[in-house]
Amino acid sequence: MRSARWQPTLLIRATLVLHVLALVLVITEPGQWRWVLGAVLANHALLTLLGLWPRSHWLGPNWTRLPVAATARNEIALTIDDGPDPIVTPQVLDMLDRYAIQATFFCIGEKAARYPDLCREIVCRGHAVENHSQHHRHHFSLMGRSGITRELQAAQDTLTTITGQRPWFFRAPAGLRNPFLDPVLARLGLQLASWSARGFDTRIGDGERVKNKLLHGLRAGAILLLHDGNAARTPDGIPVILEVLPTVLASAAAANLRFVTLRQALA
């Protein structure tokens, strides 16, 4: 689990210094306000762009791959977002059982509260349940610190009450965030996790395309992303995750890769 002490990145420290200098300059040299405003706006634009880059490390620690030790052990992680889903999740669990695979499910708090038995089933089968916010709001990256805190704390409480295990990891809705997120994560003892390979399986209904995107990133230390909630359907009406998983899991086994949860990767 992450330390509760927030340590701002170099970019965030530079941003704080820039704002202090901007204030001083406006007070001492008011005629330079246009240059000051331009510098501040440019800084904010940079922060916004980095928040739209899910795999960025500039706003705070972010798992885009497993730790070095886990990579050396030939480990790989399968992460599954946006559930639990009463139709898709049970089928995913059965498939993971057949391959003896453990995965990390990033669950939405309100969905977990709607299907608590299914959420508990995930844990009972040896998988991990982690925090994907309480409501998965589309404007999550526009929230201030208090709004982010409410979303994460509510999900922490919901998931802990249901499963008996407090989440260690957080994944932002759609991977989008802003500079207010990292201090909240530190206070709650959560580690941000994104991915190294994703199939865009909430939008792409072509199982072959999704499969190829994941197989391209299939290597030791990879964090793969699929969805049981909001899953796109193939032309035959099959959730994409169910169509691509057998090939992905078999390919990983052939490459001597061992699936672990994000928690296990810390060992």
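What counts, and where the lines are drawn
Residues numbered from 1 in each chain as written. Predicted model: local features only at pLDDT ≥ 70, side-chain atom pairs only at ≥ 80, totals over all residues. Heavy atoms only, no water. Axes fitted to C-alpha atoms, helices over the stretch in contact; angles between N-to-C directions. Helix = DSSP H or I, 4+ residues; strand = E, 2+ residues; numbered from the N terminus. Parallel < 35°, antiparallel > 145°, perpendicular 65-115°, else oblique. Left-handed = near helix turned anticlockwise from the far one by under 90°. Contact = heavy atoms within 4.5 Å. Nonpolar A, V, L, I, M, F, W, Y, C, P; charged D, E, K, R; others polar. 1 Å grid on protein atoms, 1.4 Å probe; cavity = no way out; pocket = protein on both sides within 12 Å on 5 of 7 lines; lining within 4 Å. Points joined across faces, edges and corners; volume = space filled by probe spheres on them. Patch = residues over 30% accessible without salt bridge, like charges linked within 9 Å, V, L, I, M, F, W, Y side chains within 5 Å. Areas by Shrake-Rupley, 256 points an atom, 1.4 Å probe, with all protein chains shown as cover. Salt bridge = Lys/Arg side-chain N within 4 Å of Asp/Glu carboxyl O. Phe/Tyr/Trp six-rings, centres within 6.5 Å; stacked < 30°, edge-to-face > 60°. Buried < 20%, exposed > 50% of the residue type's maximum accessible area, 1.4 Å probe, protein only.

K.L.:
Break down the packing of helix H4 (residues 88–99) against helix H6 (residues 116–124) for me, citing the residues and quoting the values.
P.N.:
Contact geometry of H4 with H6 gives a least axis separation of 11 Å together with a crossing angle of 15°. The pairing of H4 with H6 is recorded here as roughly parallel in orientation. Here H4 runs over H6; the crossing is left-handed. Contact residues: Thr89, Pro90 and Leu93 in H4; Leu118, Glu121 and Ile122 in H6. For the contact of H4 with H6, a count of residues per class yields 4 nonpolar, 1 polar and 1 charged.

K.L.:
I'd like a rundown of empty space enclosed by the protein, residues and numbers included.
P.N.:
Unfilled space is identified by rolling a water-sized probe across the atoms. Evaluation of the coordinates by the stated rule reveals 2 cavities of 30 Å³ or more. Each pocket or cavity is described by its volume, and for the largest cavity that value is around 50 Å³. Every residue lining the largest cavity is listed: Leu59, Gly60, Pro61, Arg177, Asn178, Leu181, Asp182, Leu185 and Leu192. Broken down by element, the residue count for the lining of the largest cavity peaks at 3 residues, all from helix H8 (residues 181–188). Its residues placed into classes, the lining of the largest cavity shows 5 nonpolar, 2 polar and 2 charged. Estimates place the volume of the second largest cavity at around 40 Å³. Lining the second largest cavity are Pro54, Asn62, Arg171, Ala172, Gly175, Arg177, Leu192, Ala193, Ser194 and Trp195. Along the lines of polarity and charge, the residues of the lining of the second largest cavity split into 5 nonpolar, 3 polar and 2 charged.

K.L.:
Tell me about the packing of helix H1 (residues 10–28) against helix H2 (residues 33–51), residues and numbers included.
P.N.:
H2 packs onto H1 with a crossing angle of 160° between their chain directions and a minimal axis gap of 10 Å. What the angle tells us is that H1 and H2 run roughly antiparallel. For the pair H1 and H2, the sense of crossing is left-handed. Across from Leu11, Ile12, Thr15, Leu18, His19, Ala22, Leu25 and Val26 in H1, the residues of H2 making contact are Val36, Ala39, Val40, Asn43, His44, Leu46, Leu47 and Leu50.

K.L.:
Before we move on, could you go through the layout of surface pockets and cite the residues and values that matter?
P.N.:
Estimates place the volume of the largest pocket at around 390 Å³. Taken together, 17 residues form the lining of the largest pocket, with His44, Leu47, Asn178, Pro179 and Phe180 sitting closest to its centre. Secondary structure elements with two or more residues in the lining of the largest pocket: H1 and H2. Residues belonging to the lining of the largest pocket are distributed by class as follows: 9 nonpolar, 7 polar and 1 charged. Estimates place the volume of the second largest pocket at around 290 Å³. Along the wall of the second largest pocket there are 23 residues; nearest its centre are Asp82, His132, His136, Pro173 and Ala174.

K.L.:
Any chance you could break down a nonpolar patch on the surface for me, citing the residues and the numbers?
P.N.:
Nonpolar side chains collect at one region of the surface, where Val26, Trp33, Leu37 and Leu41 lie side by side and expose about 360 Å² of accessible area between them. Looking at the nonpolar patch, the element that brings in the most residues is H2, giving 3 residues. Topologically, leucine 41 is positioned in helix H2.

K.L.:
Account for the packing of aromatic side chains, with residues named and values stated.
P.N.:
By the definition in use, this model includes 2 aromatic pairs. Aromatic pair phenylalanine 140 and phenylalanine 170: ring centres 5.8 Å apart, planes at 40°, arrangement tilted. Note that phenylalanine 140 is positioned in the loop between strand S3 (128–131) and helix H7 (145–163) and phenylalanine 170 in strand S4 (residues 169–170), a separation of 30 residues in sequence. The same class applies to phenylalanine 140 as to phenylalanine 170, namely buried.

K.L.:
Before we move on, could you go through unusual backbone geometry and cite the residues and values that matter?
P.N.:
The phi torsion of most residues other than glycine is negative, and most of the peptide bonds are trans. Between glycine 83 and proline 84 the backbone carries a cis peptide bond, its omega angle lying at 5°. In this structure, proline 84 sits in the loop between strand S1 (75–83) and H4. In this structure, serine 133 is a non-glycine residue whose phi angle is positive, near 80°. Residue placement: serine 133 occurs in the loop between S3 and H7. With phi around 55°, histidine 136 is a residue other than glycine that occupies positive phi space. Counting through the fold element by element, histidine 136 comes out in the loop between S3 and H7. With relative accessibility at 16%, the residue histidine 136 sits in the buried group.

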